[in-house]
Amino acid sequence: AASFLFFWIFLVVPLFFENKYFNILEAKGHVYVVGAIAACIFMLVGFILEKSARELLPGSGNMLDLGIILFGVIALISCLLSGSVWESFWGLSGWRVGAFTFATFTLFYRFLASNLKYRQNLWIPVLLVNVVIFLFGICHSMGVDILGMHEYINPKEFYSYISTIGNLNWFVGYLCLTVPLVTAFYLSSESAFSRNICLVFLIPAVLNM
């Protein structure tokens, strides 16, 4: 379940789209919800079989864990007091980021921290998929409409939407998250193979910047 969740979030969600850019927010929300529900079912089955859910509890004195759990609880309370529980829960008027997203993020943070057997190789498929995303971005910036993503779009908006991420501002945010992370991987890597994998990612990422 932990590996499924990791790859769903870092591979499937960034790549997924439905009606090109015309419902890109809804598409990302849909695919996240599907993966989150599937992950919760896997987790529940695992807890029933192992008869233990202790790993989801925060460690004693771990203020980061307590803070993140409190954040999720506050999101749920805010949803219940919002006056529009359904919209607040699913984030229908808020970029598809609602109480469900915050609560599951809190749950998944604890679950991954306790169950994901971390290996540096986990990031290799993630980095390679992001290379594809960045190559799409480079092509779109050159006016080459890969996958026909810009078909029927207002010509004035052509360069405002890019790759499989969507709005240019979202793409900038995506770069702000991924580039520093992989730069840290590059600076701390101890093998030529790891450094080269990071460079394969960073070169098209920096070109997108």
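All figures in this text were calculated on a predicted structure; none of them were measured in a lab.

Colleague: Got a sec to walk through the pattern of salt bridges? Specific residues and values, please.
Modeller: Considering all chains together, one arrives at three salt bridges under this definition. A salt bridge links lysine 20 to glutamate 151, with the nearest nitrogen and oxygen atoms 2.7 Å apart. Here the residue lysine 20 occupies a position in the loop between α1 (2–15) and α2 (24–50), and glutamate 151 occupies one in the loop between α6 (123–141) and β1 (161–162), the gap between them amounting to 131 residues. A salt bridge links arginine 96 to glutamate 26; its shortest N-O distance comes to 3.8 Å.

Colleague: Would you mind going over a nonpolar patch on the surface in detail, with residue names and values included?
Modeller: Together, Leu70, Val73, Ile74, Ile77, Leu80, Leu81 and Val85 make up a nonpolar patch on the protein surface, roughly 670 Å² of accessible area in all. Per-element accounting of the nonpolar patch gives the leading share, five residues, to helix α3 (residues 63–80). Looking at where valine 73 falls in the secondary structure, it is placed in helix α3. Taking relative accessible area as the criterion, valine 73 reaches 38% and is therefore assigned partly exposed.

Colleague: Can you explain α3? Please cite residues and give values.
Modeller: What sets the pattern is the α-helix's 3.6 residues per turn: residues three or four places apart point alike. Taking 1.5 Å of rise per residue, the 18 residues of α3 would be expected to cover 26 Å, and the 26 Å separating its terminal C-alpha atoms lies within 8% of that figure. Those residues of α3 that sit buried are Asp65, Gly72, Ala75 and Cys79. One face of α3 carries all of its buried residues, which in axial projection span an arc of 90°. In α3, the exposed positions angled more than 90 degrees off the buried face are occupied by Met63 and Leu80. Contacts made by the buried residues of α3 are with α4 (85–90) and α5 (99–115).

Colleague: Which residues make up the packing of aromatic side chains, and what values do they have?
Modeller: If you walk through the whole model with that rule in mind, you get 21 aromatic pairs. Between phenylalanine 4 and phenylalanine 42 the ring centres are 5.2 Å apart and the planes differ by 85°, which places this aromatic pair in the edge-to-face class. Here phenylalanine 42 lies in helix α2 and phenylalanine 4 lies in helix α1, a separation of 38 residues in the sequence. For phenylalanine 4, a relative accessible area of 26% puts it in the partly exposed group. Judged by its relative accessible area of 43%, phenylalanine 42 is partly exposed.

Quick notes on the rules
- Residues numbered from 1 in each chain as written.
- Predicted model: local features only at pLDDT ≥ 70, side-chain atom pairs only at ≥ 80, totals over all residues.
- Heavy atoms only, no water.
- Salt bridge = Lys/Arg side-chain N within 4 Å of Asp/Glu carboxyl O.
- Helix = DSSP H or I, 4+ residues; strand = E, 2+ residues; numbered from the N terminus.
- Patch = residues over 30% accessible without salt bridge, like charges linked within 9 Å, V, L, I, M, F, W, Y side chains within 5 Å.
- Areas by Shrake-Rupley, 256 points an atom, 1.4 Å probe, with all protein chains shown as cover.
- Buried < 20%, exposed > 50% of the residue type's maximum accessible area, 1.4 Å probe, protein only.
- Expected span 1.5 Å × (residues − 1).
- Arc of directions from axis to C-beta.
- Contact = heavy atoms within 4.5 Å.
- Phe/Tyr/Trp six-rings, centres within 6.5 Å; stacked < 30°, edge-to-face > 60°.

These values are about where atoms sit, not about what they do.
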